Amino acid sequence: MSRLDREADAFRASMAAAASKLTGTTGTSAMSSAVKRNLAPPSPSPSVGSTTSAAVGTPSRRDRELPGANIVYSQPAVTGTGDSVISQMAYAVTWLRSKDEPQTYHDVLSYLSATGRSDSEQEFFVEQMRRHPQIQWIPDPNLSEQTWKTGTYMHRPTIPNVRNKTQLIAYLQKKTDASGVSVKDLKDGWPDCEPAITELEREHKVLVIRAKKDGAARMVWLDDPSLFHEVEPDLVRAWSRVELPALDVIAQKLIQAGQKPASEDPRLKAEKMPKVEKKKKRAARKGTKSTNTHMEHLLKDYSHMKR
């Protein structure tokens, strides 16, 4: 039986169960309405029993503020891997990322609870795994011909073969440009890389840019420990005691020396200059060619009156 047939049978069964429930509910509602008609009208003042039951049934404010008071226990927790190929492929990638050793197709399908499916469905899923950019298929070297059941699978990280400090330094040294490495890409294959990055930063082997909010590492560059030199504390204190003149004084001294201050704003200089009103020039009238040549004997010549 194919997957579509099983889903169709399940749908028919659910419809039959819903119809039986509706029939039972209709009979129950009819009986309850008959009972309600025979009841006496309610009293205008509430009784002690009704107020007590209401007080017992109504949760207090303290109970409503408890951490688990608003949990809906009728809804099951999301513990499955879904039915669609896209969702199951995402779970497969996450599971392979947590494994250090290659896994067979049966291991992946067992994790997804998909071993009970037909061979055609399993083969289709395995083919999609081999095409996925984040999954690496390793063929079996002992076989000359590979089938969909042969070989193993591993997670293919964004930055491959970088899972420790030595491999990170080697990867940064092989780069041919000055671009940095994203920590997010490193975590794709090395999830717990931040402690190692912090240690390399203290050793002045890498340069790290961190986020201002939480101090988490964002980008990493290669550093040279030989370029780092300790500064004597006396020199640091002497440097801090030097008083710098105000910015206006520095700008005036630079102007007196014939130099242009870097802090000078060209927009302010343009505002200080007086504005000169420019007179609009009258556009010269272009000469037009006469087209009414057949009426020249009827027209008068005013060309001698031009200014």
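The sections below set out a description of the structure shown in this document. (Residues numbered from 1 in each chain as written. Predicted model: local features only at pLDDT ≥ 70, side-chain atom pairs only at ≥ 80, totals over all residues. Heavy atoms only, no water.)

### What to know about the sheet that holds strand E6 (residues 217-222)
Put simply, the rule reads: Note on pairing: DSSP must find at least two bridges between two strands before they are called paired. Runs of H or I in DSSP of at least four residues are treated as helices and runs of E of at least two as strands, each being numbered from the N terminus. Whether two residues touch is decided by their heavy atoms; if any such pair falls within 4.5 Å, the residues are in contact. Fitted lines through C-alpha atoms give the axes, limited to the stretch in contact for helices. The angle between two N-to-C directions lies from 0 to 180 degrees.
One open sheet accounts for 3 strands, arranged E4-E6-E5; its pairing is antiparallel. Sheet topology places strand E4 (181-182) and strand E5 (206-210) at the edges, where each strand pairs with a single neighbour. Sitting on the sheet, helix H7 (residues 165-174) is in contact with E4, E5 and E6, with an inclination near 65° to E6.

### Notes on the pattern of salt bridges
Note the threshold: Salt bridges are counted wherever a side-chain nitrogen of Lys or Arg sits within 4 Å of a carboxyl oxygen of Asp or Glu. In this scheme, a residue with accessible area under 20% of its type's maximum is buried, one over 50% is exposed, and one in between is partly exposed, where area comes from a 1.4 Å probe on protein chains only.
According to the stated counting rule, one finds 8 salt bridges in the structure shown. Here Lys165 ties to Glu199 by a salt bridge, and the two come within 2.9 Å at their closest N and O atoms. Here Lys165, found in helix H7, pairs with Glu199, found in helix H9 (residues 194-202); they are 34 residues apart in sequence, far enough to count as distant. For Lys165, a relative accessible area of 28% puts it in the partly exposed group.

### Examining a nonpolar patch on the surface
Going by this rule: For patch building, the residue pool is restricted to those with more than 30% relative accessible area and no salt bridge; the joining distance is 9 Å between like charges and 5 Å between nonpolar side chains (Val, Leu, Ile, Met, Phe, Trp, Tyr). For the area figures, the Shrake-Rupley method with a 1.4 Å probe applies, and any residue is considered shielded solely by the protein chains shown.
A surface patch of nonpolar side chains, about 260 Å² in accessible area, is lined by Val231, Leu235 and Val236. When you line up the elements, Leu235 lands in helix H10 (residues 233-241).

### Considering the pairing of strand E3 (residues 152-155)
Residue alternation in E3 divides its side chains into a buried set, Tyr153 and His155, and an unburied set, Thr152 and Met154. As defined by bridge partners, strand E1 (residues 103-104) adjoins E3 across 2 bridges and the pair is classed as antiparallel. Within E3, the position partnered with Gln103 by the bridge is Tyr153. Relative to E3, strand E2 (residues 135-138) runs antiparallel, the two sharing 4 bridges. Pairing of Trp137 across the sheet is with Tyr153, part of E3.

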